[in-house]
2 protein chains.
Amino acid sequence: TTGRLDFSSPKAEIFMSARVQKPLHEQRLETFNDLEIEPIAQVADSYIIARAEDGIWIIDQHAAHERVLYERTKKALINNAPVKQPLLVPQEFEFSLKEKTLIEEHRAFLEQLGFEIELFGGNTFVMHALPAQFAEVDMALLFRSLFEELESGEERSVSPQEKIIRMIACKAAVKFGQSLSVSEQKQLLKDWFKSSERLTCPHGRPVMVQVTFEELERRFKRT
Amino acid sequence: TTGRLDFSSPKAEIFMSARVQKPLHEQRLETFNDLEIEPIAQVADSYIIARAEDGIWIIDQHAAHERVLYERTKKALINNAPVKQPLLVPQEFEFSLKEKTLIEEHRAFLEQLGFEIELFGGNTFVMHALPAQFAEVDMALLFRSLFEELESGEERSVSPQEKIIRMIACKAAVKFGQSLSVSEQKQLLKDWFKSSERLTCPHGRPVMVQVTFEELERRFKRT
């Protein structure tokens, strides 16, 4: 037999310990935006394992966070309300001529996002402020990656503005391989749930792999 | 990009928190019999989720425990060394004529397993002792199930002795739907690891579903 609890049994059959029996699938989960899901562990510092009503969800923490930051950035843009973080010590960047042209070309858009960038002389730029949610991002690396992306011939159908938002979200997102505390895992899942397109990251990769109870029962030959 | 940590970056890019970065797959796991695996949670009171070196393992707790009890019983039988639990108050069973015949037929084998059963008169039997590891099993239910199994025409290739061992292991095993503490989960995994045929329960059903990191990277389009 498959060893399901038989409540009709005259005597409770409990081998390892006596405890209140909860019917299958009825354990209490935290409610996030009307959906019940609870992070149970981070694995390999890269995936968040969660239990949901329908089974086990495995979430790519980087992809989920990219999705969150991407939608937040777009929303701030639509509302024309970026939250700026002024820099006490303005940051200097030395660019090549080509890079200078790219920055000039996209400066108006970067300012809409909350960046304050000023040409200082020659190819030197000074950044006075940046979007608050990206305050911890390595800006030199961000700009290098952004220039590469804008110059590459790939994804011609994607606008430069879209590329910029995706790149910022990617660089600011929690890394694949970064340890998260339980409360950070919860916050990330909570934010991710509010996303309008939860299932993919801005690049179109999946954010979640589901292992449903239905699939498990089939694979364990319980059906 | 897939957001892997770039250790060549001049500045650590940490968004959510600053913490020591551990390379992927190198987190410390408990070693069970030279294999590294750690239970991380019980889900739906039925599955134990564990992290292993190669990924996430989902273990059917009932099937795993059946395997443990089955092999332990066989070993005791081979060593002719059942650990008996005497009953302070002997238990009485009232059987039908057919059942009485079945008990008589298999009594020698049941005694080898550690049962002490005596015909009391008519169709009444008295049990004075039973195998210690099955002390908590509902014996009335066990005998009823055993009679059904022995009389059914199914699995003619399986000997009655084998059927008896499988049935006892099944009835004594932790149920699908039974809550386990963390230490019970650990003990079960530890015992299960010592099994010689870990991958299936005595009935041939799978004990474990693996979700390897390789599979995850493929499904998340990280490869």
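From a predicted model like this one, the values you see are computed outputs, not experimental measurements.

Colleague: Just give me the short version of the packing of helix α2 (residues 97-113) of chain A against helix α3 (residues 139-151) of chain A, but keep the residues and values in it.
Modeller: All names here are of chain A. Two numbers describe how α2 lies on α3: the axes approach to 11 Å, and their chain directions differ by 95°. Of the possible angle classes, the one that applies to α2 and α3 is roughly perpendicular. Contact residues: Lys 98, Glu 99, Leu 102, Ile 103, His 106 and Leu 110 in α2; Phe 143, Phe 147, Leu 150 and Glu 151 in α3.

Colleague: Can you tell me about the sheet that holds strand β7 (residues 124-131) of chain A, naming the residues and giving the values?
Modeller: Two modes of strand pairing occur in sheets, parallel and antiparallel, and in both the strands are linked by backbone hydrogen bonds. Residue and element names in this part refer to chain A. Read across the sheet, three strands follow the order β5-β7-β6 without closing on themselves; strand pairing throughout is antiparallel. A single partner strand is all that each edge strand has here, and the edge strands are β5 (84-94) and β6 (116-121). Averaged over all neighbouring strand pairs, the angle between strand axes comes to 20°, with direction disregarded. In this structure, β6 lies alongside β7, joined through five bridges in antiparallel fashion. When the bridges of β7 are listed, Ile 117 appears paired with Met 127. Along the sheet, α2 contacts β6 and β7; its crossing angle with β6, the most-contacted strand, is approximately 150°. Running over the sheet, α3 touches β5, β6 and β7 and is turned about 65° from β5.

Colleague: Provide a residue-level description of the sheet that holds strand β6 (residues 116-121) of chain B, including the pertinent values.
Modeller: All names here are of chain B. Taking strand neighbours across the sheet as the criterion, the three strands line up as β5-β7-β6 in an open arrangement whose pairing is antiparallel. Only two strands of the sheet have a single neighbouring strand rather than two, namely β5 (84-94) and β6. In this sheet, neighbouring strand axes are inclined to one another by 20° on average, regardless of whether the strands run parallel or antiparallel. Across the sheet, helix α2 (residues 97-113) lies against β5, β6 and β7 (124-131), angled at about 150° from β6, the strand it touches most. On the sheet, helix α3 (residues 139-151) packs against β5, β6 and β7 and is oriented at approximately 60° with respect to β5.

Colleague: Explain unusual backbone geometry residue by residue, including any values.
Modeller: Residues and elements named next belong to chain A. Notably, Asp 45 is not glycine yet its phi reads approximately 55°, a positive angle. Of note, Asp 45 is situated in the loop between β2 (35-43) and β3 (47-52). The phi dihedral of Lys 221 falls on the positive side, at around 55°, and the residue is not glycine. For Lys 221, the location among the structural elements is in the segment after α6 (213-219). Taking relative accessible area as the criterion, Lys 221 reaches 53% and is therefore assigned exposed.

Basis of the calculations
- Residues numbered from 1 in each chain as written.
- Chains lettered and ligands numbered in written order.
- Predicted model: local features only at pLDDT ≥ 70, side-chain atom pairs only at ≥ 80, totals over all residues.
- Heavy atoms only, no water.
- Axes fitted to C-alpha atoms, helices over the stretch in contact; angles between N-to-C directions.
- Helix = DSSP H or I, 4+ residues; strand = E, 2+ residues; numbered from the N terminus.
- Parallel < 35°, antiparallel > 145°, perpendicular 65-115°, else oblique.
- Contact = heavy atoms within 4.5 Å.
- Pairing = 2+ DSSP bridges.
- Buried < 20%, exposed > 50% of the residue type's maximum accessible area, 1.4 Å probe, protein only.

Shape descriptors only; they carry no functional weight alone.
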